[in-house]
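The primary structure of each chain is shown beneath.
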Amino acid sequence: MSDLSIEERVKRIIVNQLNVNEEQVVPTAHFLNDLGADSLDTVELVMAFEEEFKAELQGKEIPETDAEKLMTVGDINAYITSKM
Amino acid sequence: MQRSRLANSYKFLHFDRFVFPMKLTFENRIALVTGAGRGIGRAIAEHLAAEGAMVICVSKNADSCGAVADAINQSGGKAQALAVDVADKVAVAAACEALLTEHTCIDILVNNAGITKDNLLIRMSEEDWDLVLTTNLSSVFYWTKGLIRPMTKKRFGRIINISSVVGLIGNAGQANYAAAKAGLLGYTKTLAREFASRAITANVVAPGFTATDMTAGLSPEVMEMAKKTIPLGRMGEAADIARIVTYLASEESGYITGQVFSVDGGMVM
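What counts, and where the lines are drawn
Residues numbered from 1 in each chain as written. Chains lettered and ligands numbered in written order. Predicted model: local features only at pLDDT ≥ 70, side-chain atom pairs only at ≥ 80, totals over all residues. Heavy atoms only, no water. Helix = DSSP H or I, 4+ residues; strand = E, 2+ residues; numbered from the N terminus. Rg over C-alpha atoms; globule rule 2.2 N^0.38 Å. Buried < 20%, exposed > 50% of the residue type's maximum accessible area, 1.4 Å probe, protein only. Contact = heavy atoms within 4.5 Å. Pairing = 2+ DSSP bridges. Axes fitted to C-alpha atoms, helices over the stretch in contact; angles between N-to-C directions. Buried area = accessible area lost by both parts, 1.4 Å probe. Polar contact = N/O pair within 3.5 Å; in protein donor to acceptor, adjacent residues only side chain to side chain. Core = buried A, V, L, I, M, F, W, Y, C linked by side-chain atoms within 4.5 Å. Phe/Tyr/Trp six-rings, centres within 6.5 Å; stacked < 30°, edge-to-face > 60°. Lys NZ or Arg CZ within 6 Å of the ring centre and 35° of its normal. Expected span 1.5 Å × (residues − 1).

**Here we look at the overall build of chain A**
Alright, step 1. For chain A, the helix and strand inventory stands at 4 helices and 0 strands.
Alright, step 2. When the helices and strands of chain A are read in sequence order from the N terminus, they spell out α-α-α-α.
Alright, step 3. Whereas a compact globule of 84 residues would reach a radius of gyration of roughly 12 Å, chain A reaches 12 Å, a difference of no more than 12%.
Alright, step 4. Over its C-alpha atoms, taken along the principal directions, chain A stretches across nearly 30 × 30 × 20 Å.
Alright, step 5. The buried share of chain A, reckoned over its 84 residues, is 42%.
Alright, step 6. In chain A, once contacts between residues fewer than 6 apart in sequence are set aside, the share between residues at least 24 apart is 57%.

Have a look at this one:
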């Protein structure tokens, strides 16, 4: 269990995966339009979130239909929170 | 001293940087070869293992992949046997999941498994069409889906799909086989484009007439006719195919992707 908040853990993953600065990772930031991700990056991001939030997601994968709607930093924060 | 002797032995070459003798790199690489129980697949598994890769030998029959894995292990290589019917998508998905729990990443995927159910189109049954398409084409999709994710993460991957000269030029009596083998070309080129940004390469090797169990069933007359269409005048050996597959699976082939390599004695030019 991590002491960091959901938002902080999400930010850390995005910074690592997309090689962006922390300041860029604001809730309204769009992965494709603002953070320079390509479509494969978004798939890898979802995989990284599944791994980080295994406990919160009860070990389940994020279904494709949900994953394609998660386009901003805020979307991810809200999604993980909603699953807890 | 050492360097000048080297330079002398290559006196016709001007080195402006270090040139390394070609030695293929397979350090800590794990490869999976389907249809590894015999023929071309067996030769591929043996060649990859001889270069130092750990090889997972897949075949439908547990005895045949087991025998190949045993032979590799006994000769100092590293291999594991895995009995799966590649046409069974549920079984393939389960096998991939189990493999990735054990190994984290399969670096090299060689889709070689294939069957024939020949007949003239007029006499070809829908079952034989479906069976060949599923075993020779859909199975490749199942394996790739099951193993690609860790490759994208690792920023390394080698996918080699074994097609056939028949996929390039067609062959009377093999509409199903030709369709599946031609399908692999478009499939592989698409993978090459989708995953290039992750340094994963995807290529096709298209063997011609190769001496294996699959071609052993052909009549002597058909064999003689076939040889006349081969400029080099002989059938290929499984090792002829295995050598290029091994190169394409190595670290050194990283700038080659989306290509089709015919290894057929010159049948298709």
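**So, unusual backbone geometry**
Leaving glycine aside, a negative phi is the common case for residues, and trans is the common case for peptide bonds.
Alright, step 1. Phi at asparagine 19 of chain A takes a positive value of approximately 55°, unusual for a residue other than glycine.
Alright, step 2. Along the chain, asparagine 19 of chain A turns up in the loop between helix H1 (6–18) and helix H2 (39–52).
Alright, step 3. For arginine 155 of chain B, which is not glycine, the phi torsion reads 60° and is therefore positive.
Alright, step 4. With respect to the element layout, arginine 155 of chain B can be found in the loop between helix H5 (126–154) and strand E5 (157–162).

**Things to note about the sheet that holds strand E3 (residues 78–83) of chain B**
Backbone hydrogen bonds hold the strands of a sheet together, and the pairing may be parallel or antiparallel.
Residues and elements named next belong to chain B.
Alright, step 1. In space, the 7 strands of this open sheet follow the order E3-E2-E1-E4-E5-E6-E7, with parallel pairing throughout. Each of the sheet's edge strands pairs with one partner strand only, and the pair in question is E3 and strand E7 (260–263). Taken pair by pair, the neighbouring strands of this sheet meet at an average axis angle of 20°, ignoring direction.
Alright, step 2. Bridging between strand E2 (residues 54–59) and E3 involves 6 bridges; their strand directions are parallel.

**Some points on the interface of chain B and chain A**
Alright, step 1. At the junction of the two partners, chain B supplies 8 residues and chain A supplies 9 residues.
Alright, step 2. Interface area, chain B with chain A, both sides summed: about 740 Å², of which 41% is carbon and sulfur.
Alright, step 3. Per-residue buried area on chain B facing chain A is highest for Arg149, Lys153 and Arg198 of chain B; these three make up 73% of the total on that side.
Alright, step 4. Where chain B packs against chain A, one counts 6 residue pairs in polar contact (both at pLDDT 80 or more).

**Notes on the nonpolar core**
Residues and elements named next belong to chain B.
Alright, step 1. Core analysis: the biggest nonpolar cluster contains 31 residues, and Leu32, Ile56, Val58, Leu82, Trp143 and Ile159 have the highest contact counts within it.
Alright, step 2. For this core, the secondary structure elements donating two or more residues are strand E1 (30–34), E2, helix H4 (89–103), H5, helix H7 (175–195) and strand E6 (200–207).
Alright, step 3. Among the elements that line this core, the one with the most residues is H5, at 6 residues.
Alright, step 4. Within the second largest apolar cluster, 30 residues are counted, among which are Ala49, Ala53, Ala69 and Val110.

**Some thoughts on the packing of aromatic side chains**
Alright, step 1. Applying the stated criterion across every chain, the model contains 1 aromatic pair over all chains.
Alright, step 2. Sitting over the ring of phenylalanine 156 of chain B, arginine 29 of chain B keeps its end group 3.6 Å from the ring centre.

**So, the environment of alanine 113 of chain B**
Residue and element names in this part refer to chain B.
Alright, step 1. Tracing the chain through its elements places alanine 113 in the loop between strand E4 (108–111) and H5.
Alright, step 2. Alanine 113 gets classed as buried once you look at its relative accessible area, which sits at 15%.
Alright, step 3. Residues alanine 113 and isoleucine 30 lie 83 residues apart in sequence; the distance between their C-alpha atoms is 18 Å.
Alright, step 4. In contact with alanine 113, other than residues within four places in its own chain, are Thr34, Gly35, Val86, Thr135 and Asn136.

**Observations regarding the pairing of E6 of chain B**
Residues and elements named next belong to chain B.
Alright, step 1. Counting buried positions along E6 gives 8 out of 8 residues, so the element sits mostly inside the fold.
Alright, step 2. Burial of the side chains of E6 extends over both faces: Ile200, Ala202, Val204 and Ala206 are buried on one face and Thr201, Asn203, Val205 and Pro207 on the other.
Alright, step 3. Alignment of E5 against E6, held across 6 bridges, turns out to be parallel. Counted as the bridge partner of glycine 157 is isoleucine 200 from E6.

**Notes on helix H10 (residues 238–249) of chain B**
All names here are of chain B.
Alright, step 1. For H10, with 12 residues, the first-to-last C-alpha span of 16 Å sits near the 16 Å given by 1.5 Å per residue.
Alright, step 2. Listed in full, the buried residues belonging to H10 are Ala238, Asp240, Ile241, Ala242, Val245, Thr246, Leu248 and Ala249.
Alright, step 3. Buried residues along H10 sit against helix H2 (39–50), E4, E5, E6 and E7.

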